[in-house]
Amino acid sequence: MRKALLLLASAAVITGSTMSADARDRYRDRDDRAEQTTNQLINEAAAHTARIKVDLHLTADQEKNWPGFESALADLNKRRIDRAMAMRAERKAAGDDRREARDERRNQNDERRATNDDRRATNDDRTTGSAARPSGDETNVLDAINRDADRRIERANDWKKLTEAARPLFDSLDQQQKRRFTEILYQGDRQGDRDSR
């Protein structure tokens, strides 16, 4: 009976450690993936635009209205990518700032522990110090809200320009092409929503 329990406990420990290693590997793989460059994203958007044209099966008359839409879509994609890259840089900078602040707090706490023998005094100092100093997130919340509002306004203006440029092309499409065109535009809008978050 005792051997069976030991075997069962050993199997549980081995299985548990294997599963946690698998989970760790999944998250590490996400972190190790290289982020796409601006040029890669622009090329990907251009390829998507080319697929749209092929997917719509435009006639010769409809092709005349394509260049205006294509140019507006390229402009929208360029600005969307620029905003996404700016947000990526902001997140990286914020992460770096948080890491530096955390490391600084650790160093200060280590110094306090080394020089102060009285444990209660150390805890009181730590509590007072952290309560009196607002974190960066609290002081920049209004700036963050303002930046988010500006990005939303930019996106709305980009979509207005695109719809104006798309109107002649859309009016020349048949019902099936209009339905497909609508699906494509809604997919692009959802992609823009993901990028702006």
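To start, this report covers the structure provided alongside it. (Residues numbered from 1 in each chain as written. Predicted model: local features only at pLDDT ≥ 70, side-chain atom pairs only at ≥ 80, totals over all residues. Heavy atoms only, no water.)

Structural notes on the pattern of salt bridges
And step 1. Taken as a whole, this structure holds 12 salt bridges when the rule is applied.
And step 2. Residue Glu35 is joined to Arg88 by a salt bridge in which the shortest nitrogen-to-oxygen separation is 3.1 Å. Here Glu35, found in the loop between helix H1 (2-32) and helix H2 (38-56), pairs with Arg88, found in helix H4 (residues 66-115); they are 53 residues apart in sequence, far enough to count as distant.
And step 3. For Glu35, a relative accessible area of 54% corresponds to the exposed category.
And step 4. Arg147 is paired through a salt bridge with Glu90; the nearest N and O atoms lie 3.5 Å apart. (Salt bridge = Lys/Arg side-chain N within 4 Å of Asp/Glu carboxyl O. Helix = DSSP H or I, 4+ residues; strand = E, 2+ residues; numbered from the N terminus. Buried < 20%, exposed > 50% of the residue type's maximum accessible area, 1.4 Å probe, protein only.)

Brief notes about the side chain of Arg83
And step 1. Take Arg83: it is sitting in helix H4.
And step 2. A polar contact is formed between the side chain of Arg83 and the side chain of Asp158, at a distance of 2.9 Å.
And step 3. Apart from residues no more than four positions distant in its own chain, Arg83 is found in contact with Arg151, Glu154, Arg155 and Asp158. (Polar contact = N/O pair within 3.5 Å; in protein donor to acceptor, adjacent residues only side chain to side chain. Contact = heavy atoms within 4.5 Å.)

A look at the environment of Ser172
And step 1. Relative to the assigned elements, Ser172 resides in helix H7 (residues 141-172).
And step 2. On the accessibility criterion, Ser172 (27% relative accessible area) is partly exposed.
And step 3. Between the C-alpha atom of Ser172 and that of Leu58, which follows or precedes it by 114 residues, the distance is 9.5 Å.
And step 4. Leaving out residues up to four positions away in the same chain, Ser172 has contacts with Gln62 and Asn65.

With respect to the nonpolar core
And step 1. Core analysis: the largest hydrophobic core is formed by 15 residues, its most contacted members being Trp66, Phe69, Leu162, Leu169 and Phe181.
And step 2. Here this core gets 5 residues from one element, more than from any other, and that element is H4.
And step 3. Look past the residues within four positions of Trp66 in its chain and what remains in contact with it is Thr49, Ile52, Lys53, Leu56, Leu58 and Leu169. (Core = buried A, V, L, I, M, F, W, Y, C linked by side-chain atoms within 4.5 Å.)

Some thoughts on the environment of Leu73
And step 1. With respect to the helices and strands, Leu73 occurs in helix H4.
And step 2. The spacing of Leu73 and Lys161 is 88 residues in sequence and 9.1 Å in space, taken between C-alpha atoms.
And step 3. Leave out the neighbours within four places in its chain, and Leu73 touches Thr49, Ile52 and Leu162.

Overview of unusual backbone geometry
And step 1. Residue His57 is not a glycine yet carries a positive backbone phi of 55 degrees.
And step 2. Turning to its location among the elements, His57 is positioned in the loop between H2 and helix H3 (60-63).

Examining the packing of aromatic side chains
And step 1. Scanning all chains against the criterion turns up 3 aromatic pairs.
And step 2. Taking 5.8 Å as the distance between ring centres and 45 degrees as the angle between the ring planes, the aromatic pair formed by Phe170 and Phe181 counts as tilted. In this pair, Phe170 is assigned in helix H7 and Phe181 in helix H8 (residues 175-195), connecting sequence segments 11 residues apart.
And step 3. Overall, Phe170 belongs to the partly exposed group, its relative accessible area being 23%.
And step 4. Members of the aromatic cluster, joined through ring pairs, are Trp66, Phe69, Phe170 and Phe181.
And step 5. For Lys178, the ring lying beneath its charged end belongs to Phe170, and the centroid distance is 5.2 Å. (Phe/Tyr/Trp six-rings, centres within 6.5 Å; stacked < 30°, edge-to-face > 60°. Lys NZ or Arg CZ within 6 Å of the ring centre and 35° of its normal.)

Scope: geometric values only; no functional claims are made or implied.
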